Amino acid sequence: MKIYNSYSLKVEEFKPIKEGQVSMYVCGPTVYNHAHIGNARPIVVFDTLRRTLEALGYKVKMVSNFTDVDDKIINKALEEKVSEKEIAQRYIDAYNEVRRQLNVIPLDATPRVTETMDDIIAFIKKMVDNGSAYEVNGDVYFSVDSDDKYGELSHQQLKDLLAGARIEENHQKRNPLDFALWKKTTEGIKWDSPWGQGRPGWHTECVVMIGKEFGDGMIDIHGGGKDLKFPHHENEVAQSECVNHHHLANYWVHNGMLETSGGKMSKSLGNTQWAKDVIAENGANLTRWLLLSAKYRDTLIYSEENLTACKTELNKIEIALKQAEVNSQLAEKDLGSEIDKEKYQEFLDAMSDDLNTPNAYKVIFDTVKLLNQTLRTKQIEYSQVGKYYNTIIAMLNILGIKPEKVILTAEDKDIYNKWTQAKAQKDFVNADKYRAMLIEAKVL
């Protein structure tokens, strides 16, 4: 497996810390609203990375958090006159439903900030005690000057960050780039701490949850969107260096953004499409096919044109699979479980090359072509049909795509035979009638 490491800016050979095992953490959502289709991209990308690693024989432990305390959650709770817990749970449930609908392998853990508070406070105290953080009037800040490697992940120098910074003026900070670890809070949910009542800053939470789920050592893969690289992931690294005295992850994997034809999609811009609505309209298979259609590191354009193209591609595959299922059942032939090892390996090679899904798609279409050619022969070799059919199914499984299987009833078979007979007799009226019935039964 080769994977692009944002830390080294290189495609590297993947070498796990423990042989045969992979520890992977992906930054999860702040749960103050529904997930939009852009938020669904990392869900699908990292689930597919997991599936690929597992297909290669690795045992993967995958964790993704929920940030269930934040200004936006507090404000929404105040607006609706309900508790922050109620707001967070509403959108955690909605997010988990999107995961379920997208056929995501259940995660090994989904820690919440509110359930990790004692550990977060203890972690912040370590930084205060060792001098990498300082308290001012109940707020605690991380001192970026305490980490001489600060900027190593985003490949930026402190002086350049300061020169280009657009940071709110805060006279409490020693350095404008210092970031909040603990915020004094008078409104909304809060916890007791050595510095008074408040709540944690965003950047500390993930470091602590990683330590709690995987131990204080390094993990193999830390994932998330490119927009999290700086400052969020940079600040995670800095805290790990100052408390644990080592880097946080061996491989930093960042997916590209999803944009509309008009530019960036975001909740603040009001140009979002909720993931639940996109899935309801297009189905999970097409949604995943679309989200994986470009290389994961590239920007993906979400447009009607792109969606239509993806629909055409997926239909081509599904029609071939359906024909194999229908023909084999009419002929009372078993498709078996054998796969074309050469084609499957070709697909795996593409996926192992930094998740090169466009090349992997090409292998699927090559195999679909072979399946169609086999189905068109006068004397169909069902062992060969089964081999190509099973190979395509195995490939799609790694992409998290599950085509609906056709199971013919006795009535379906009878109508199909009548349709074939009507066509042979040029009885187009009845042929059209039987064809409509087969389409309604999802046989055609």
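Above this text is the structure in question.
Since the model is a prediction, treat every value here as computed from it, not as a measurement.

Asker: Would you mind showing me how to read the overall build of the chain here?
Answerer: What the chain contains, in helices and strands, is 15 helices and 13 strands. If you line up the chain on its principal axes, its C-alpha atoms span 90 × 50 × 35 Å. Out of the 444 residues belonging to the chain, those deemed buried represent 51%. For the chain, long-range pairs separated by at least 24 residues make up 77% of all intrachain contacts whose partners lie at least 6 apart in sequence. Accessible area of the chain: about 21300 Å², with a carbon and sulfur share of 46%.

Asker: Looking at this structure, how should I read helix H3 (residues 84–101)?
Answerer: Count 3.6 residues to each turn of an α-helix, and residues three or four apart come out pointing the same way. Over its 18 residues, H3 extends 26 Å from the first C-alpha to the last, a length consistent with the 26 Å expected when each residue adds 1.5 Å. Among all positions of H3, only Glu-84, Ile-87, Ala-88, Tyr-91, Ile-92, Ala-94, Tyr-95, Val-98 and Arg-99 are buried. For H3, the arc enclosing every buried residue in end-on projection is 165°, short of the 170-degree limit, so these residues lie on one face. Those residues of H3 that are exposed and aimed more than 90 degrees away from the buried face are Lys-85 and Arg-100. Looking at the buried positions of H3, the neighbouring elements they touch are helix H1 (37–55), strand S4 (59–64), helix H2 (71–80) and helix H8 (275–282). One or two residues past the end of H3 sits Asn-103, with phi positive at roughly 60°.

Asker: How do you make sense of the pairing of strand S2 (residues 10–13) when you look at a structure like this?
Answerer: Looking along a regular strand, one sees the side chains alternate between the two faces of the sheet. Two strands pair when backbone bridges link them, and strand S1 (residues 2–5) and S2 are joined in this way by four bridges, in the antiparallel orientation. Bridge assignment links Asn-5 to a residue of S2, and that residue is Lys-10. Linkage of S1 to S2, two consecutive antiparallel strands, is achieved through a turn of four residues, within which Leu-9 is found at a positive phi near 60°.

Calculation criteria
Residues numbered from 1 in each chain as written. Predicted model: local features only at pLDDT ≥ 70, side-chain atom pairs only at ≥ 80, totals over all residues. Heavy atoms only, no water. Helix = DSSP H or I, 4+ residues; strand = E, 2+ residues; numbered from the N terminus. Buried < 20%, exposed > 50% of the residue type's maximum accessible area, 1.4 Å probe, protein only. Contact = heavy atoms within 4.5 Å. Areas by Shrake-Rupley, 256 points an atom, 1.4 Å probe, with all protein chains shown as cover. Expected span 1.5 Å × (residues − 1). Arc of directions from axis to C-beta. Pairing = 2+ DSSP bridges.

What is shown is where atoms sit, not what they do.
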